[in-house]
Amino acid sequence: METDGAPATEETNTTEQLFDSFLYDDNTLLKTLEQFSELKTLLNLNDVPHYQFFSKLKAHFSSWRHTSFMEILQRRLNVKDYVSCVEKCKDCNIFIIGAGPCGLRSAIEAALCGAYVVVGEKRTSFTRNNVLHLWPYLIHDLRNLGVKKLYGMFCAGSLDHISIRRLQLILMKIALVLGVKVFTNTSFVEFLEPCNTTGWRISVKPSNTEIEMTDFDVLVGADGKRNSIPGFQRKEFRAKLAIGITANFKNKKSEDEAKIEEISGVAALFNQKFFADLKSETDIDLENIVYYKDDTHYFVMTAKKQCLLKKGVLKEDHGDVIKLLAYQNVDNPSLLNFVSEAADFSTGLPHTDFAVNPDNNRPDVAIFDFTSMYSAEYAAKILERRGKRLIIGLVGDGLMEPFWPLGTGCARGFLSCMDLMWMIQQHQSGTKPKELLEERMALFKILHQTSNENMNKKHSAYTMNPKSRYRLIPKYSEDLSFLYENDDKENVNKQDRIENYSPEKTSPNKRLAGETTETVHKQWKKSTFARTRKPKNPSNESGVLAKKRSLSPSRSDDQETLRKWCSDRLKLILPYLPVTDLDTCWRDGVLLCGLVHLCSPKDMDMSVVKSNSDSQNVDLAISVMFNELGIQTLTAQDVLPPSGPDLLAIISTILELQKVYQTVDNVLLDNKPVKKTKLATSENEKPASQPALPASEPTAVDLSATSPDKVAATPEKPTPMLDQPSPGDLKRGYTVRGNSGRKLKLNSLLKWIMLKCFLPPPLRNTLPTKVPRSATLVHSVYWCSNVSLLRGMCSTGSVSCVRIVRLY
């Protein structure tokens, strides 16, 4: 800064001190914004273009403490991916809802690209004391932004965590230095379509002229799982009941506190003695516990429900999780005692002074449910009116709710920020909307499976370019035209699209933008008549009703074919439960569990299903589909009353299960029909108890479903028991007939597994013990009958049906 005489020197010292305080003092949100506003006024930077703001600010400071921080940001700005897009993005205006870690990280990424960025935050303070676990790439990313310069204790030594409040404050300082504008006490209301003289506008509350008079090109939802942008449907993933408790104790930074060792994560499965001692001494039964020492002593633990009831934390037991953990059902004094006992036993904490939550002036302790997690169905959409486009995207928890024990919140949240900025940059480069949406959805799909182990290892080279972060980016092939709405599509009748729905031509995950599940269900319900488990007698139907029924989309050929397919498969394991439709008879979850059982029998025990309630069956099926089969098309609300059953969601789920079921058939079964042949004996026949296999042709075994009753009722026609296989038998090709009448030729591996697993012990022990080389290809072999029953049938000469259900 040019100075002339003592007054200028005094002004220089004032700005240096003010900037120093702004960067390094641990001030409140409002105080930090006030300091920066004063700094801009003193340096006459209020009217500087946003893409020149950083360079102008940097030129005013020369002290090593400030320039060292500025140089780190300058190196980041000089990265090739950012330099090349400044000219393209400097005319792009972006509004971000929420100043959480992901909202501020999105703002920084956009500012690095040269965009004009405005952040609206409804709060006036950063109050979250909870501590974030940081993946290795996050530590590198934050270091590249200068966080270590602003907070010297950041990830010192083996530390890999930081409090949310401190991270928000540091990221906001970096964003402000890069030219981002942050407004507090500002809530998003809606976006307004453009007119002839204006572009897309944002309405906020309370009214803000600077925001509401700006034309925006991008709207980013970073306000958490309660996303305030309409039109984004969410899916729910439910698991076994899990009750989490977080607690923050004051960190007085004493010598005794400094000696306490952190607990990065202890699970009952891997340290049974610790949890057994905890239970015997305190009657506290936990599944895991984590302790981090930061601005506070932060504990997070998973407690068992019966333990909480016994300790008086929960007043009454409820089957509904919402009622169970409602404020009225939690005894706060007992909860505080529970946490204090667990913390004292785990770490020997010298005091139990709780940190205070500024939002309510109460001890910062919370009990919550993470049984269910939500994820958006799609990550972005594009609206176009009067030739002006608005990109709407989600990041952070609003896009995908994290699983806190794995620290996926900021880890995947920051990745989603970079992914969205890459989409914006590609749009500014002229990429077509369809290609933008396909690439964004492809990145969103792989984000669910992203972990530190399957990302590129050169963390310091990460940029918004997804190729720098992900090892493999598959192409997205499904139709996403419904996510791009322009003037041509504005007046399209949505009802026509619903009625023209075809399971074979429409993506299972496809939902109409802006419509809720209930809306789609109501449209379907108008033309759905078969709603009972027992079909009506056709002779009792009137001619008008019969005609309507024949014209209804719910009775179309596609859906009838799908219903018949389900019926043919499920009657093997649920013979007394008919499949009469694709909605009502599925709401108890039994048929859904049965279909999942056929696809993954080792993960779905049908004996448990019979004793479960409707909601338990639905939750079980959704959990297995998500964890084992990767199917994410259904939520509990889509099946259970009052909102369910949702015909469209159930059809989508059945189609996904059908793909899993048929994959093996397509791999293993030939398309050529073959006549059924019985097991025959050669001319040199052995005694009846041990018949020999014919050597002239492959053996064909009928695998039609046979219930235990039928087996018991027809003992006079037993299938000859398989003899001990000779080397020649193992070389011979067995042929097994499936239910479809097609022929399945088993290779030596599958023959070995069939015989090794299910023959009686005397014969089984004579088989080769060496597994063939291709054994890793087989996931499971499933017999429709009970294994013990099957072995008994083998010993009496009967053979039940076999099915290979899944291959990798």
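Note that the structure is predicted; figures quoted are calculated from it, not measured.

A. Representation of the overall build of the chain in the model. When helices and strands are counted, the chain shows 31 helices and 26 strands. With 808 residues in all, the chain has 52% of them scored as buried. Contacts in the chain between residues at least 24 apart in sequence constitute 70% of all its contacts with a sequence separation of at least 6.

B. Main features of the side chain of R385. Examined against the element boundaries, R385 turns out to sit in strand β18 (residues 380–385). Accessibility expressed as a relative area gives 6% for R385, which makes it buried. A polar contact is formed between the side chain of R385 and the side chain of E193, at a distance of 3.4 Å. Reaching out from R385, the side chain makes a polar contact with the backbone oxygen of E485 at a distance of 3.3 Å.

C. Region of interest: the packing of aromatic side chains. Applying the stated criterion across every chain yields a total of 15 aromatic pairs. Between F249 and F354, the ring centres sit 4.5 Å apart and the planes meet at 25°, which makes this aromatic pair stacked. Here the residue F249 occupies a position in strand β10 (residues 243–250), and F354 occupies one in the loop between α16 (332–347) and β14 (356–357), the gap between them amounting to 105 residues. Given a relative accessible area of 0%, F249 falls into the buried group. What makes F354 buried here is its relative accessible area of 15%. Plain terms: the ring middles of Y378 and F482 are 6.1 Å apart, the flat faces sit at 80° to each other, and that makes the pair edge-to-face. One end of the pair, Y378, is in the loop between β17 (372–376) and β18; the other, F482, is in the loop between α18 (433–447) and β20 (484–485), with 104 residues separating them in the sequence. By the burial criterion, Y378 is buried, and F482 matches it. Taken together, the aromatic side chains of F19, F22, F36, F53 and F61 make up a single cluster linked through ring pairs. Taking the ring centre of Y24 as reference, the NZ or CZ of R65 above it sits at 3.9 Å.

D. Here's a closer look at the sheet that holds strand β2 (residues 116–120). The seven strands are arranged β5-β2-β1-β8-β19-β18-β20 in an open sheet whose pairing can be described as mixed. Unpaired on one side and paired on the other, β5 (181–183) and β20 mark the two borders of the sheet. Relative to strand β19 (residues 388–394), strand β8 (residues 218–221) runs parallel, the two sharing four bridges. In the strand pairing of β19, V218 is matched with I391.

E. Representation of the nonpolar core in the model. Judged by nonpolar contacts, the single largest core of 125 residues is most densely connected at L57 and V177. Counting residues per element, this core draws most heavily on helix α17 (residues 408–428), which supplies 11 residues. Non-local contacts of V177, meaning those with residues more than four positions away in its chain, are made with F19, F22, L23, F36, F53, F54, L57, F69, M70 and L73. Counting 40 residues, the second-largest nonpolar core is a separate cluster that includes C566, L574, L657 and Y661.

F. How the structure looks around the packing of helix α7 (residues 101–112) against α17. Running from N to C, α7 and α17 cross one another at 35°; their axes reach a closest spacing of 9 Å. The two elements α7 and α17 meet at a crossing, and its hand is right-handed. Every residue of α17 that contacts α7 at P101, C102, R105, S106, E109 and A110 is listed here: C410, G413, F414, C417, M418 and M421. Class assignment of the residues belonging to the contact of α7 with α17 gives a composition of eight nonpolar, two polar and two charged.

G. Highlighting the pairing of β17. Most of β17 sits inside the fold, with four of its five residues counted as buried. The sheet contact formed by strand β9 (residues 234–238) and β17 spans five bridges and is antiparallel. Bridge pairing in β17 places E236 opposite Y374.

H. Region of the structure containing helix α10 (residues 164–177). The end-to-end C-alpha distance of α10, which contains 14 residues, comes to 20 Å, matching closely the 20 Å that a straight helix rising 1.5 Å per residue would cover. Burial within α10 is extensive, with 14 of its 14 residues counted as buried.

I. Region of interest: unusual backbone geometry. Of note, the amide linkage connecting K205 to P206 takes the cis form, showing an omega dihedral of -5°. Mapped onto the elements of the fold, P206 is located in the loop between β7 (201–205) and α11 (209–212).

J. The arrangement of the side chain of D581 in detail. Mapping D581 onto the fold places it in the loop between α22 (557–570) and α23 (590–599). Taking the relative accessible area as the measure of exposure, D581 reaches 4% and is therefore buried. At a separation of 3.2 Å, a polar atom in the side chain of D581 contacts the main-chain amide nitrogen of D583. Here the side chain of D581 touches C585 through a polar contact of 3.1 Å, landing on its backbone nitrogen.

K. Structural view of the pattern of salt bridges. Overall, the coordinates contain 25 salt bridges when judged by the stated rule. A salt bridge links K181 to E210; the shortest N-O distance between them is 2.7 Å. One end of the pair, K181, is in strand β5; the other, E210, is in helix α11, and 29 residues separate them in sequence. Looking at E210, the relative accessible area reads 36%, which means it is partly exposed. One salt-bridge network, held together by shared partners, links D26, R165, R166 and D295.

L. Quick look at the environment of D294. Within the secondary structure, D294 sits in the loop between β12 (286–293) and β13 (296–303). Judged by its relative accessible area of 9%, D294 falls in the buried class. Counting along the chain gives 46 residues from D294 to N248, while the straight-line C-alpha distance between them is 9.9 Å. In contact with D294, other than residues within four places in its own chain, are V131, Y151, H161, I162, S163, N251 and K253. Of note is the side chain of D294, whose polar atom sits 3.3 Å from the side chain of H161.

M. Geometry of the state of the cysteines. By the definition in use, this model includes zero disulfides. Free of any disulfide, C113 has its nearest neighbouring cysteine sulfur in C85, separated by 3.6 Å. Classification of C113 by relative accessible area gives buried; the value is 0%.

N. Spatial organisation of α23. For α23, a buried count of 10 out of 10 residues is recorded, marking the element as mostly surrounded by other parts of the structure. For α23, the complete set of buried residues consists of V590, L591, L592, C593, G594, L595, V596, H597, L598 and C599.

O. Quick peek at the packing of α23 against helix α25 (residues 614–629). Packing of α23 against α25 leaves a shortest axis separation of 8 Å and a crossing angle of 25°. The angle between α23 and α25 places the two elements in the roughly parallel class. For the element pair α23 and α25, the recorded crossing hand is left-handed. Of α25, the residues touching α23 (which contributes V590, L592, C593, V596 and C599) are N617, A621, V624, M625 and L629. Taken together, the residues of the contact of α23 with α25 sort by class into nine nonpolar, one polar and no charged.

P. How the structure looks around the environment of R234. Structurally, the position occupied by R234 is in strand β9. For R234, a relative accessible area of 37% puts it in the partly exposed group. For R234, the residues in contact, after removing those within four places along its chain, are K225, Y374, S375, A376, E377 and T635. At 2.7 Å, the side chain of R234 forms a polar contact with the backbone oxygen of K225.

Procedures and definitions
Residues numbered from 1 in each chain as written. Predicted model: local features only at pLDDT ≥ 70, side-chain atom pairs only at ≥ 80, totals over all residues. Heavy atoms only, no water. Helix = DSSP H or I, 4+ residues; strand = E, 2+ residues; numbered from the N terminus. Buried < 20%, exposed > 50% of the residue type's maximum accessible area, 1.4 Å probe, protein only. Contact = heavy atoms within 4.5 Å. Polar contact = N/O pair within 3.5 Å; in protein donor to acceptor, adjacent residues only side chain to side chain. Phe/Tyr/Trp six-rings, centres within 6.5 Å; stacked < 30°, edge-to-face > 60°. Lys NZ or Arg CZ within 6 Å of the ring centre and 35° of its normal. Pairing = 2+ DSSP bridges. Core = buried A, V, L, I, M, F, W, Y, C linked by side-chain atoms within 4.5 Å. Axes fitted to C-alpha atoms, helices over the stretch in contact; angles between N-to-C directions. Left-handed = near helix turned anticlockwise from the far one by under 90°. Nonpolar A, V, L, I, M, F, W, Y, C, P; charged D, E, K, R; others polar. Expected span 1.5 Å × (residues − 1). Salt bridge = Lys/Arg side-chain N within 4 Å of Asp/Glu carboxyl O. Disulfide = S-S within 2.5 Å. Parallel < 35°, antiparallel > 145°, perpendicular 65-115°, else oblique.

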